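Residue-level listing of the chains:
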Amino acid sequence: MSNIQHVVVYGGGTMGQGIAELLSKKGLEVTIIEKTKIHADHAQHQIETSLDKQLSKWGITHAEKKSILSRIDFAADESPLKHADLVIETVTEDLDEKKSVFDRCDRMCPRETILASNTSTLSLTELAAVTRRPDQVIGLHFLHPVTRLDLVEIVRGLKTSQETVDEMKAFLDRLELTGVEVFESPGFVTTRLIVTIINEAINTLMEGVATAEDIDIAMKRGFQFPYGPLEMADRFGLDSVLASMERLFREYGDTKFRPSPLLKKMVRANHLGVKTGEGFFHYDEDGDRIEKEGRLQ
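Residues numbered from 1 in each chain as written. Predicted model: local features only at pLDDT ≥ 70, side-chain atom pairs only at ≥ 80, totals over all residues. Heavy atoms only, no water.

Some words on the pairing of strand β2 (residues 29-33)
Here is the rule we go by: For the exposure calls, accessible area comes from a 1.4 Å probe over protein chains only, and a residue counts as buried if that area is under 20% of its type's maximum, exposed if over 50%, partly exposed in between. The helix count covers DSSP runs of H or I at least four residues long, the strand count covers runs of E at least two residues long, and both are numbered beginning at the N terminus. Strand pairing is defined by DSSP finding a minimum of two bridges between the two strands. Seen with the strands pointing away from the viewer, any crossover whose path from the first strand over the helix to the second strand runs clockwise is right-handed.
In terms of burial, β2 is a largely internal element, four of the five residues being buried. Pairing analysis gives five bridges linking strand β1 (residues 6-10) to β2, with the strands arranged parallel. From the neighbouring strand, V8 faces β2, where its bridge partner is T31. Following the chain from β1 across helix α1 (residues 14-25) to the adjacent parallel β2, one finds a crossover that is right-handed. Direction of pairing for β2 relative to strand β3 (residues 72-75): parallel, over a ladder of four bridges. Paired with I33 across the two strands is A75, which belongs to β3.

Details of helix α8 (residues 212-223)
The line we're drawing: Every helix has an expected span of 1.5 Å times one less than the residues it contains.
In this model α8 runs 16 Å from its N-terminal to its C-terminal C-alpha over 12 residues, within 8% of the 16 Å that 1.5 Å per residue would give. Taken from the residues just after α8, Q224 is the one with a positive phi, measuring 60°.

Quick word on the UniProt feature "binding site: CoA" (unreviewed entry) in the protein chain
Rules: UniProt positions are given in the numbering used here, feature names are shortened, and annotations may be inferred rather than shown by experiment.
In this structure's numbering, the residues bearing the UniProt feature "binding site: CoA" (unreviewed entry) are S50, K57 and S120. A maximum C-alpha distance of 31.2 Å is found for the annotated residues, which run over 71 residues; spatially they are spread out rather than grouped. In this fold, S50 is placed in helix α2 (residues 37-56). Note that K57 resides in the loop between α2 and α3 (62-70). Looking at K57, the relative accessible area reads 64%, which means it is exposed.

Below is the structure:
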């Protein structure tokens with residue numbers, strides 16, 4: 001049985017917001033740490049917006065919204081690390097930045113605190129090497145959208161202890177989440193497979209085989225994907241998909257991981273998907289697809 005009560009989510013972006021909301025719904029006390037008060041306020045606003053959308057669809061009650069928010073604190077300094085039972089790092093997918101976060105967490109957290117990363121492609125072993133507790137460093141790779149998918153990859157680094165793995169398994173069981181244990185490898189299981197499918201869908205579009213909408217319909221209806229691969233890419237962020245592809249290509253040297261030229265072109269044009277309102281389709285400020293000329297775009 002896991003004894004974790006207070007979780008610090010280090011980074012209040014899309015993934016950090018989703019993880020914090022999920023943990024609070026499960027009754028845990030959560031603190032989101034951001035770089036500035038402006039960033040912390042933005043994270044709070046986004047979580048409130050997410051809850052309001054659920055409220056409008058009768059997914060939660062007003063009392064539940066109030067209860068969920070009461071368990072989430074937002075900080076622009078690192079003092080909450082001193083009282084964390086678990087830290088889940090969710091900053092941008094940059095190795096040096098993540099190393100810096102792990103170094104600071106290691107120095108400020110209690111000795112028994114487990115340090116986890118939500119990285120989808122980076123080396124846990126390399127992150128653990130900057131700490132004095134490599135046996136307590138582990139990957140907890142949540143999938144987007146966090147509050148709707150119950151799968152988490154539990155990623156072992158070279159020195160991650162069995163005790164740490166068992167503690168995280170018990171923690172996920174308590175949250176009624178499914179944990180799959182994987183050993184460190186670029187892209188793990190989920191990222192390695194999904195970005196390959198997304199990249200091939202982009203190549204299929206680039207070659208004029210079918211329209212973006214028809215490619216997505218084919219995969220949604222034919223293989224029961226909740227989103228088609230192109231809309232999925234828009235929701236991940238095309239810049240994030242490109243970064244993952246480039247890292248996998250570097251690590252494996254296999255041409256199947258070579259990013260599509262169209263993906264690179266979209267990123268250069270700053271058509272990054274939901275975050276910019278335009279990718280392969282168009283989106284409003286709430287991230288919903290916009291209907292254009294009688295069809296969803």
